[in-house]
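What follows is the residue order along each chain.
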Amino acid sequence: MNAAADLPSSESPPRRFDVVALGEAMVEFNQTRAQEPHYLQGYGGDTSNAIIAAARAGARTAYLTRIGHDTWGESLQGLWHREDVDTSAIDVDGEAPTAVYFVTHGPQGHAFSYLRTGSAASRLSPHSLADSGAKAYIQQARWLHVSGISMAISTSACDAVFAAMQWARQAGTLVSLDANLRLKLWPLARARACLQQAVSMCDLFLPSLEDVQPLCGEEDPQAILAWAHQLGAGRVVLKRGAMGATVSENGQQRDIAGHAVNCVDATGAGDCFAGNLLARLALGDDLDQGVRYANAAAALAVQGFGAVAPLPHPEQVQALLT
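Just so it is clear, the structure is predicted and the values come from calculations on it, not from any experiment.

Student: I'm lost on the packing of helix α6 (residues 155-171) against helix α7 (residues 188-200) in this one. Help?
Tutor: When two helices pack together, their arrangement is given by the angle between their axes and by how far apart the axes lie. Relative to each other, α6 and α7 sit at 15 degrees, their axes nearing to 11 Å. In terms of orientation, α6 lies roughly parallel with respect to α7. Between α6 and α7 the crossing geometry is left-handed. Residues T155, C158, F162, M165 and R169 of α6 form the contact with α7, whose own contacting residues are R190, C194, Q197, A198 and S200.

Below, the structure written as structure tokens:
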């Protein structure tokens, strides 16, 4: 499947969703004043950010995760409902909490502190996914989106990601993978082994330059792209921050320019990029068109605090592109 680069044809079974994402959702507290401990409550979790971004871009979406039977889990459910993200297959765990994280800002950029050990999302497993009906959601989607963070939070969650990718392959659902390497969550050797296997099972690989360099041991973008294709990724979009992105498919590479903006908070910028790109691909854009749109969306998102609140709507993105 990973050699296929096109969306399911019109002869494929009808797809209920454009994008389904799997992973960990969290409640966010983002520092908004440098000189005093003032925090803005919001929401985060890379694949949750991405699926909300996709929904705002006009895609039909669903999210798969576990949340706690607590105030924060209820708050996340309300968020997804407001954003028109289907949550029917989300599993509510009565024995584990919803995860929380804090964002602080300084001269070196933003830093994260997490309260996620033993969270409901870390108890994801192939069995819990099957029991929640997630397999049918994945098989009714054009795209399944997963990430390295979803694989890193626990062994059972990693197994759940691989099971979901396999279900997607069986159904002709295309798989998008964001590397999102977080070495605080797992050793580099395990990250390399798991993510290399995941790259071999994906159709679209979305690494950032800083994430992928430790994984492959290469610094040159051309060598990084070659490494990803050799593992089996049919299409690769190398995210390069303000410099834009490099697109690689069918033996050809193109640089898609970014946008110069005043960056207030880069939290979730890559997730915004991923969600908007998948939405645009599902809506008919080719890869270059989708990346241009996603670059613009991410440029807008970094101009506000938080991972979710600044995610743009189509009219904002189109205004930047015109």
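Student: Looking at this model, I keep getting lost on α6. Mind explaining?
Tutor: At 3.6 residues per turn, the α-helix brings residues three or four places apart onto the same side. Over its 17 residues, α6 runs 25 Å from end to end, which matches the ideal 24 Å to within 8%, given 1.5 Å per residue. Along α6, the positions that sit buried rather than exposed are A157, C158, A160, V161, F162, A163, A164, M165, W167 and A168. Residue G172 follows α6 closely and has a positive phi angle near 80 degrees.

Student: What exactly am I supposed to notice about the environment of A59 here?
Tutor: Among the secondary structure elements, A59 is positioned in the loop between α1 (46-56) and β4 (61-64). Assessed through its relative accessible area of 8%, A59 is described here as buried. Each C-alpha atom, one on A59 and one on Q77, is 19 Å from the other, the two residues being 18 residues apart in sequence. Contact partners of A59, with chain neighbours within four places excluded, come to D18, V19, A54 and A279.

Student: Help me out: how do you make sense of the pairing of strand β1 (residues 17-22) in this one?
Tutor: Residues in a regular strand project their side chains so that they alternate between the two faces of the sheet. Within β1, six of the six residues are buried, which leaves it mostly tucked inside the rest of the structure. Relative to strand β10 (residues 141-147), β1 runs parallel, the two being bridged by four bridges. Bridging across to β10, A21 finds its partner in H145. For β1 and β4, the ladder comprises four bridges, and the chain directions are parallel. Residue pairing for β4: V20 is matched across the bridge by A62.

Student: Just to check I follow, could you spell out the side chain of S154 for this structure?
Tutor: Mapped onto the secondary structure, S154 falls in the loop between α5 (148-152) and α6. Judged by its relative accessible area of 17%, S154 falls in the buried class. A polar contact of 3.3 Å, which involves the side chain of S154, links it to the side chain of S156.

Student: How should the sheet that holds strand β15 (residues 252-256) be read in this particular structure?
Tutor: Think of a sheet as strands paired side by side through backbone hydrogen bonds, with each pair either parallel or antiparallel. An order of β6-β4-β1-β10-β11-β12-β13-β14-β15 is seen for the nine strands of this open sheet, with the pairing classed as mixed. Whereas interior strands pair on both sides, the edge strands pair on one side only; in this sheet they are β6 (85-86) and β15. The sheet contact formed by strand β14 (residues 245-249) and β15 spans five bridges and is antiparallel. What sits directly across from V247, in β15, is R254. Contacting β1, β10 and β11 (174-178), α6 runs over the sheet at an angle of about 160 degrees to β10.

Student: Any chance you could explain the pattern of salt bridges here in plain terms?
Tutor: A side chain with one charge can pair with a side chain of the opposite charge if their charged atoms come near. Across all of its chains, the model carries 15 salt bridges by this definition. A salt bridge links R123 to E95, with the nearest nitrogen and oxygen atoms 3.3 Å apart. In this pair, R123 is assigned in the loop between β9 (109-115) and α3 (126-132) and E95 in the loop between β7 (91-93) and β8 (99-106), connecting sequence segments 28 residues apart. One salt bridge in this structure joins D178 and K239, with 2.9 Å as the shortest N-O distance. Residue D178 is located in strand β11, and its partner K239 is located in strand β13 (residues 235-239); the two are separated by 61 residues in the primary sequence. When sorted by exposure, D178 lands in the same class as K239, which is buried. Three or more residues joined by partner-sharing salt bridges are found here, namely R66, D91, D93, E95 and R123.

Student: Where do I start with unusual backbone geometry in this structure?
Tutor: Across residues other than glycine, the phi torsion is negative in most instances, and most of the peptide bonds are trans. Despite not being glycine, D84 shows a phi value in the positive range, around 65 degrees. With relative accessibility at 64%, the residue D84 sits in the exposed group. Of note, the phi angle at N250 is positive, near 55 degrees, even though the residue is not glycine.

Student: How should I be thinking about the environment of R142 in this particular structure?
Tutor: Inspection of the secondary structure puts R142 in strand β10. Judged by relative accessible area, R142 falls into the partly exposed class, the value being 21%. In the structure, R142 is positioned 123 residues away from V19 in sequence and 6.1 Å away in space, judged by C-alpha atoms.

Student: Any chance you could explain the packing of aromatic side chains here in plain terms?
Tutor: Taken as a whole and assessed by the stated rule, the structure comprises seven aromatic pairs. When the centroid spacing of 6.4 Å and the interplanar angle of 55 degrees are considered together, the rings of F205 and W227 count as tilted. Note that F205 is positioned in strand β12 (residues 204-205) and W227 in helix α9 (residues 221-231), a separation of 22 residues in sequence. Among the aromatic side chains, those forming a connected cluster through ring pairs are F29, Y39, W72 and F102. The aromatic ring of Y114 is capped on one face by R116, whose charged end is 4.1 Å from the ring centroid. We note R280 situated over the ring of Y293; from NZ or CZ to the ring centre the distance is 5.0 Å.

Procedures and definitions
Residues numbered from 1 in each chain as written. Predicted model: local features only at pLDDT ≥ 70, side-chain atom pairs only at ≥ 80, totals over all residues. Heavy atoms only, no water. Axes fitted to C-alpha atoms, helices over the stretch in contact; angles between N-to-C directions. Helix = DSSP H or I, 4+ residues; strand = E, 2+ residues; numbered from the N terminus. Parallel < 35°, antiparallel > 145°, perpendicular 65-115°, else oblique. Left-handed = near helix turned anticlockwise from the far one by under 90°. Contact = heavy atoms within 4.5 Å. Expected span 1.5 Å × (residues − 1). Buried < 20%, exposed > 50% of the residue type's maximum accessible area, 1.4 Å probe, protein only. Pairing = 2+ DSSP bridges. Polar contact = N/O pair within 3.5 Å; in protein donor to acceptor, adjacent residues only side chain to side chain. Salt bridge = Lys/Arg side-chain N within 4 Å of Asp/Glu carboxyl O. Phe/Tyr/Trp six-rings, centres within 6.5 Å; stacked < 30°, edge-to-face > 60°. Lys NZ or Arg CZ within 6 Å of the ring centre and 35° of its normal.

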